[in-house]
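Examination of the molecular architecture
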2 protein chains.
Amino acid sequence: MQVRVDITLKTGVLDPQGEAVHHALGTLGFDGVNSVRQGKVILLDLAETDPAKAEADVAAMCEKLLANTVIENYAITVL
Amino acid sequence: MQVRVDITLKTGVLDPQGEAVHHALGTLGFDGVNSVRQGKVILLDLAETDPAKAEADVAAMCEKLLANTVIENYAITVL
(Lines give C-alpha, C1' and ligand atoms only; values in the text may rest on other atoms or scores of the structure.)
Protein backbone atom coordinates (compact mmCIF):
# COMPACT_ATOMS: atom_id res chain seq x y z
CA MET A 1 0.00 0.00 0.00
CA GLN A 2 1.28 3.41 -1.02
CA VAL A 3 0.98 6.30 1.44
CA ARG A 4 1.96 9.89 0.71
CA VAL A 5 3.03 12.35 3.39
CA ASP A 6 3.18 16.08 2.66
CA ILE A 7 5.27 18.00 5.15
CA THR A 8 5.13 21.79 5.07
CA LEU A 9 6.31 24.51 7.39
CA LYS A 10 3.69 26.04 9.66
CA THR A 11 2.47 29.51 8.74
CA GLY A 12 4.72 32.18 10.16
CA VAL A 13 7.80 29.98 10.29
CA LEU A 14 10.66 31.47 8.26
CA ASP A 15 11.42 29.39 5.16
CA PRO A 16 15.06 30.02 4.17
CA GLN A 17 14.89 27.55 1.29
CA GLY A 18 11.79 29.22 -0.06
CA GLU A 19 13.43 32.64 0.28
CA ALA A 20 16.50 31.41 -1.59
CA VAL A 21 14.36 30.01 -4.42
CA HIS A 22 12.35 33.23 -4.51
CA HIS A 23 15.54 35.30 -4.80
CA ALA A 24 16.99 33.01 -7.49
CA LEU A 25 13.79 33.18 -9.54
CA GLY A 26 14.00 36.96 -9.45
CA THR A 27 17.62 36.86 -10.56
CA LEU A 28 16.62 34.64 -13.50
CA GLY A 29 14.07 37.23 -14.55
CA PHE A 30 10.91 35.57 -13.25
CA ASP A 31 9.10 38.54 -11.74
CA GLY A 32 5.54 38.37 -10.45
CA VAL A 33 6.42 35.76 -7.82
CA ASN A 34 4.95 36.98 -4.53
CA SER A 35 6.20 34.15 -2.33
CA VAL A 36 7.72 30.66 -2.39
CA ARG A 37 7.30 27.98 0.30
CA GLN A 38 9.16 24.68 0.07
CA GLY A 39 8.25 21.42 1.79
CA LYS A 40 8.82 17.67 1.55
CA VAL A 41 6.78 14.87 0.06
CA ILE A 42 7.52 11.32 1.21
CA LEU A 43 6.14 8.27 -0.57
CA LEU A 44 6.00 5.16 1.60
CA ASP A 45 5.38 1.66 0.25
CA LEU A 46 3.99 -0.35 3.16
CA ALA A 47 3.29 -4.06 3.56
CA GLU A 48 0.15 -3.13 5.53
CA THR A 49 -3.09 -3.68 3.57
CA ASP A 50 -5.62 -2.06 5.91
CA PRO A 51 -5.87 1.68 5.05
CA ALA A 52 -6.83 2.76 8.58
CA LYS A 53 -3.95 0.83 10.17
CA ALA A 54 -1.55 2.15 7.51
CA GLU A 55 -2.62 5.72 8.22
CA ALA A 56 -2.20 5.22 11.95
CA ASP A 57 1.27 3.72 11.46
CA VAL A 58 2.33 6.60 9.24
CA ALA A 59 0.99 9.14 11.74
CA ALA A 60 3.21 7.52 14.36
CA MET A 61 6.15 7.69 11.93
CA CYS A 62 5.47 11.38 11.39
CA GLU A 63 5.31 12.11 15.09
CA LYS A 64 8.52 10.20 15.82
CA LEU A 65 10.68 10.91 12.78
CA LEU A 66 9.33 12.30 9.54
CA ALA A 67 8.07 15.69 10.72
CA ASN A 68 9.33 18.21 13.24
CA THR A 69 5.92 18.89 14.70
CA VAL A 70 7.13 22.07 16.43
CA ILE A 71 7.51 23.89 13.11
CA GLU A 72 6.00 21.55 10.53
CA ASN A 73 2.53 20.31 9.59
CA TYR A 74 2.03 16.90 7.97
CA ALA A 75 -0.78 15.58 5.81
CA ILE A 76 -1.22 11.86 5.16
CA THR A 77 -2.86 10.52 2.01
CA VAL A 78 -3.44 6.80 1.53
CA LEU A 79 -3.15 6.22 -2.22
CA MET B 1 -2.69 32.62 -7.85
CA GLN B 2 -1.31 29.62 -6.00
CA VAL B 3 0.63 26.98 -7.96
CA ARG B 4 2.00 23.75 -6.50
CA VAL B 5 5.01 21.93 -7.93
CA ASP B 6 5.76 18.34 -6.93
CA ILE B 7 9.31 17.31 -7.70
CA THR B 8 10.22 13.64 -7.39
CA LEU B 9 13.18 11.56 -8.44
CA LYS B 10 12.78 9.55 -11.63
CA THR B 11 12.28 5.83 -11.23
CA GLY B 12 15.58 4.01 -10.95
CA VAL B 13 17.45 6.98 -9.57
CA LEU B 14 19.00 6.18 -6.18
CA ASP B 15 17.33 8.12 -3.36
CA PRO B 16 19.84 8.43 -0.50
CA GLN B 17 17.44 10.52 1.60
CA GLY B 18 14.72 7.94 1.18
CA GLU B 19 17.16 5.17 2.07
CA ALA B 20 18.22 7.04 5.21
CA VAL B 21 14.59 7.53 6.28
CA HIS B 22 13.85 3.87 5.54
CA HIS B 23 16.79 2.76 7.69
CA ALA B 24 15.83 5.11 10.53
CA LEU B 25 12.23 3.89 10.51
CA GLY B 26 13.50 0.33 10.87
CA THR B 27 15.71 1.35 13.77
CA LEU B 28 12.70 2.94 15.47
CA GLY B 29 10.82 -0.33 15.18
CA PHE B 30 8.59 0.49 12.21
CA ASP B 31 8.83 -2.71 10.22
CA GLY B 32 6.68 -3.46 7.19
CA VAL B 33 8.07 -0.48 5.25
CA ASN B 34 9.05 -1.78 1.81
CA SER B 35 10.46 1.47 0.42
CA VAL B 36 10.66 5.22 1.00
CA ARG B 37 11.04 7.90 -1.69
CA GLN B 38 11.46 11.55 -0.77
CA GLY B 39 10.77 14.57 -2.96
CA LYS B 40 10.05 18.29 -2.78
CA VAL B 41 6.84 20.28 -2.90
CA ILE B 42 7.06 23.97 -3.76
CA LEU B 43 4.14 26.36 -3.28
CA LEU B 44 4.35 29.48 -5.43
CA ASP B 45 2.15 32.54 -4.95
CA LEU B 46 2.08 34.33 -8.32
CA ALA B 47 0.72 37.71 -9.34
CA GLU B 48 -0.43 36.12 -12.61
CA THR B 49 -4.20 35.56 -12.81
CA ASP B 50 -4.46 33.50 -16.00
CA PRO B 51 -4.08 29.79 -15.12
CA ALA B 52 -2.60 28.78 -18.47
CA LYS B 53 -0.02 31.57 -18.36
CA ALA B 54 0.80 30.76 -14.75
CA GLU B 55 1.35 27.09 -15.62
CA ALA B 56 3.59 28.02 -18.55
CA ASP B 57 5.61 30.38 -16.36
CA VAL B 58 6.06 27.73 -13.69
CA ALA B 59 7.08 25.14 -16.28
CA ALA B 60 9.81 27.52 -17.40
CA MET B 61 10.84 27.99 -13.74
CA CYS B 62 11.04 24.22 -13.35
CA GLU B 63 13.14 23.78 -16.46
CA LYS B 64 15.53 26.56 -15.46
CA LEU B 65 15.78 26.23 -11.68
CA LEU B 66 13.32 24.25 -9.60
CA ALA B 67 13.93 20.76 -10.99
CA ASN B 68 17.01 18.92 -12.18
CA THR B 69 15.31 17.44 -15.22
CA VAL B 70 18.10 14.90 -15.72
CA ILE B 71 17.08 12.96 -12.59
CA GLU B 72 13.82 14.56 -11.48
CA ASN B 73 10.22 14.72 -12.69
CA TYR B 74 8.00 17.68 -11.89
CA ALA B 75 4.22 17.98 -11.76
CA ILE B 76 2.49 21.37 -11.78
CA THR B 77 -0.92 21.90 -10.18
CA VAL B 78 -2.66 25.28 -10.41
CA LEU B 79 -4.66 25.58 -7.19
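Our subject in this report is the structure included herewith. (Residues numbered from 1 in each chain as written. Chains lettered and ligands numbered in written order. Predicted model: local features only at pLDDT ≥ 70, side-chain atom pairs only at ≥ 80, totals over all residues. Heavy atoms only, no water.)

Attention now goes to the relation of the copies chain A and chain B. Mapping between the two copies of the chain is achieved by a rotation about an axis and a shift along the axis. Each copy of the sequence occupies a distinct position, and chain A is placed on chain B by a rotation of 180° and an axial shift of 0.0 Å, giving an RMSD of 0.0 Å. Classification of the inter-copy transformation places it as that of a two-fold axis. Considering only C-alpha atoms, the residue of chain A closest to the rotation axis is Lys40(A), which sits at 2.3 Å. Most of the interface of chain A is mirrored in chain B, where 100% of its interface residues are also at the interface. (Least-squares fit on C-alpha atoms with pLDDT ≥ 70 in both. Contact = heavy atoms within 4.5 Å.)

Before going further, it helps to examine the side chain of Glu72(B). All names here are of chain B. Relative to the assigned elements, Glu 72 resides in strand 3 (residues 72–78). With no salt bridge to any partner, buried Glu 72 finds its closest opposite charge in Lys 40, at an N-O distance of 4.1 Å. Only 2.7 Å separates the side chain of Glu 72 from the backbone nitrogen of Asn 68, close enough to count as a polar contact. (Helix = DSSP H or I, 4+ residues; strand = E, 2+ residues; numbered from the N terminus. Buried < 20%, exposed > 50% of the residue type's maximum accessible area, 1.4 Å probe, protein only. Lys, Arg positive; Asp, Glu negative; His and termini not counted. Salt bridge = Lys/Arg side-chain N within 4 Å of Asp/Glu carboxyl O. Polar contact = N/O pair within 3.5 Å; in protein donor to acceptor, adjacent residues only side chain to side chain.)

Enumeration according to the criterion identifies 6 salt bridges over all chains in this entry. For Arg4(A), the salt bridge identified is with Asp6(B), shortest N-O distance 2.9 Å. Pair noted here: Arg4(A) is in strand 1 (residues 2–9) and Asp6(B) is in strand 1 (residues 2–9), and the two residues belong to different chains. Residue class for Asp6(B) comes out buried when judged on its relative accessible area of 12%. Notably, a salt bridge pairs Asp57(B) with Lys53(B), separated by 3.0 Å at the nearest N-O pair. Pair noted here: Asp57(B) and Lys53(B) are both in helix 2 (residues 51–66), with a separation of 4 residues, about one helical turn.

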